[in-house]
Amino acid sequence: MKRLNKSALAALIGLLFLLVAGTWKLSNARSFQLFGDLVHRVDTSEKVVALTFDDGPTPAFTREMLKVLKDKGVVATFYLNGKEAAVSGASVKAIYTDSHEIGNHSFNHKRLVFMASDDIKSEVERGELAIRSAGYTGPLTFRPPHGKKLVYLPYYLDSRGITTVMWDVEPEKSDEIGRDAGKMVRLVGEQVRPGSIVLMHLMYQARSPSRQALPGVIDELRKQGYRFVTVSELLKLRKPA
């Protein structure tokens, strides 16, 4: 077997690097996937925005969030982990009883790339079962944990007619901004546009700055004339393909 010369080896390494980089970029893409229906925002002239919260439910912080939303008269969409929903059924019920929407965020919150197809399918179905078992009967879209998806996950969701929901505004993406409630409010106010989907995490102790930012985010968007809708309400505003 012939050994590769230095230039051929360099070309092969470069090709592998591009392949890995391209795969990573595809797995993180917010506005594109290989199969099925994906939305990261809706193209509309209406000043509407969907607030979405990932993870949980955790009883104490779920109650705190629901109180803020109720006091502000705002609806939102909660993307819940099935494992936590299974042991916090009362929190799931409290969410949908207050007219909020629930989405599936998998069962164990694992990155659903480079996993066996049966394991990916199980993560989706077990998450769904936990949410439905708590009595939720509304629409159920799916948000990939960590926003990661590649081939089989979009293919499986498409086979079931399930929409993948990403986001276009993420105030916690930068650690510096994510530690400062005021900076998060300003960032959302600057980046939001009609049809935006805002992603926040508020369910755990470490997310205290995000919980502090939530009332300000709502007030800022309302000051700009935005109306708050659930994800399924936002999807109804999409123009026909």
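So, here is what we can say about the structure in this document. (Residues numbered from 1 in each chain as written. Predicted model: local features only at pLDDT ≥ 70, side-chain atom pairs only at ≥ 80, totals over all residues. Heavy atoms only, no water.)

**Structural notes on the overall build of the protein chain**
Phase 1: Across its full length, the protein chain holds 10 helices and 7 strands.
Phase 2: Across the 241 residues in the protein chain, those meeting the buried criterion constitute 48%.
Phase 3: Of all intrachain contacts in the protein chain linking residues separated by at least 6 positions in sequence, the fraction that spans at least 24 positions is 77%.
Phase 4: Accessible area of the protein chain: about 12,300 Å², with a carbon and sulfur share of 56%. (Helix = DSSP H or I, 4+ residues; strand = E, 2+ residues; numbered from the N terminus. Buried < 20%, exposed > 50% of the residue type's maximum accessible area, 1.4 Å probe, protein only. Contact = heavy atoms within 4.5 Å. Areas by Shrake-Rupley, 256 points an atom, 1.4 Å probe, with all protein chains shown as cover.)

**Considerations on the pairing of strand β2 (residues 48-54)**
Phase 1: Here β2 lies mainly inside the structure; 7 of its 7 residues are buried.
Phase 2: What you see with β2 is no split at all: Val48, Ala50, Thr52 and Asp54 on one side and Val49, Leu51 and Phe53 on the other are buried throughout.
Phase 3: Relative to strand β7 (residues 227-228), β2 is paired through 2 bridges, and the arrangement is parallel. Looking at the pairing, valine 48 lines up with arginine 227 of β7.
Phase 4: Where β2 meets strand β6 (residues 196-201), 6 bridges bridge the pair, whose relative direction is parallel. Looking at β6, one finds that leucine 51 is bridged to valine 198. (Pairing = 2+ DSSP bridges.)

**What about the packing of aromatic side chains?**
Phase 1: Counted under the stated rule, the structure contains 5 aromatic pairs.
Phase 2: Ring geometry for phenylalanine 53 against phenylalanine 78: centres 5.3 Å apart, planes inclined by 70°, an arrangement best described as edge-to-face. With a gap of 25 residues between them, phenylalanine 53 in strand β2 and phenylalanine 78 in strand β3 (residues 77-80) connect regions that are remote in the sequence.
Phase 3: Taking 6.0 Å as the distance between ring centres and 45° as the angle between the ring planes, the aromatic pair formed by tyrosine 152 and tyrosine 155 counts as tilted. Note that tyrosine 152 and tyrosine 155 are positioned in helix α6 (residues 152-159) at a spacing of 3 residues, about one turn of the helix.
Phase 4: One residue, arginine 126, lies across the ring of phenylalanine 107, its end atom 3.9 Å from the ring centre.
Phase 5: The ring of phenylalanine 61 carries arginine 211 above its face, with NZ or CZ at 3.8 Å from the centroid. (Phe/Tyr/Trp six-rings, centres within 6.5 Å; stacked < 30°, edge-to-face > 60°. Lys NZ or Arg CZ within 6 Å of the ring centre and 35° of its normal.)

**Thoughts on the nonpolar core**
Phase 1: Judged by nonpolar contacts, the single largest core of 38 residues is most densely connected at Leu51, Phe53, Phe78, Leu214 and Leu221.
Phase 2: For this core, the secondary-structure elements that each account for two or more residues are β2, α2 (59-72), β3, α4 (89-97), α5 (117-133), α8 (181-191), β6 and α9 (208-223).
Phase 3: If near-sequence neighbours (up to four positions away) are discounted, leucine 214 is found in contact with Leu51, Phe53, Val68, Leu69, Met200 and Leu202.
Phase 4: Counting residues in each nonpolar core, the second largest holds 15 residues, with Val48, Ala50, Val229 and Leu234 among its members. (Core = buried A, V, L, I, M, F, W, Y, C linked by side-chain atoms within 4.5 Å.)

**Notes on unusual backbone geometry**
Trans is the common state for peptide bonds, and a negative phi is the common state for residues other than glycine.
Phase 1: Residue proline 57 follows glycine 56 across a cis peptide bond; omega there is 15°.
Phase 2: Note on placement: proline 57 falls in the loop between β2 and α2.
Phase 3: We note that serine 99 has phi near 70°; this positive angle belongs to a residue other than glycine.
Phase 4: Counting through the fold element by element, serine 99 comes out in the loop between α4 and β4 (101-104).

**Here's the deal with the side chain of aspartate 168**
Phase 1: Locating aspartate 168 in the fold gives a position in the loop between β5 (164-165) and α7 (175-178).
Phase 2: Here the side chain of aspartate 168 touches serine 196 through a polar contact of 2.9 Å, side chain to side chain.
Phase 3: At a separation of 2.8 Å, a polar atom in the side chain of aspartate 168 contacts the main-chain amide nitrogen of isoleucine 197.
Phase 4: In this structure aspartate 168 touches Arg30, His40, Arg41, Gln191, Arg193, Ser196 and Ile197, once residues within four positions along its chain are discounted. (Polar contact = N/O pair within 3.5 Å; in protein donor to acceptor, adjacent residues only side chain to side chain.)

**Overview of α8**
Phase 1: Among the residues of α8, those classed as buried are Ala181, Met184, Val185, Leu187, Val188 and Gly189.
Phase 2: Capping the start of α8, aspartate 180 holds a side-chain oxygen 3.0 Å from the backbone nitrogen of glycine 182, two or three residues further along.

**Considerations on the environment of leucine 26**
Phase 1: With respect to the helices and strands, leucine 26 occurs in helix α1 (residues 6-28).
Phase 2: Looking at leucine 26, the relative accessible area reads 22%, which means it is partly exposed.
Phase 3: A C-alpha to C-alpha distance of 8.8 Å links leucine 26 and lysine 148, two positions 122 residues apart in sequence.
Phase 4: Beyond its immediate stretch of four places on either side in the chain, leucine 26 contacts Phe32, Leu34, Lys149 and Leu150.

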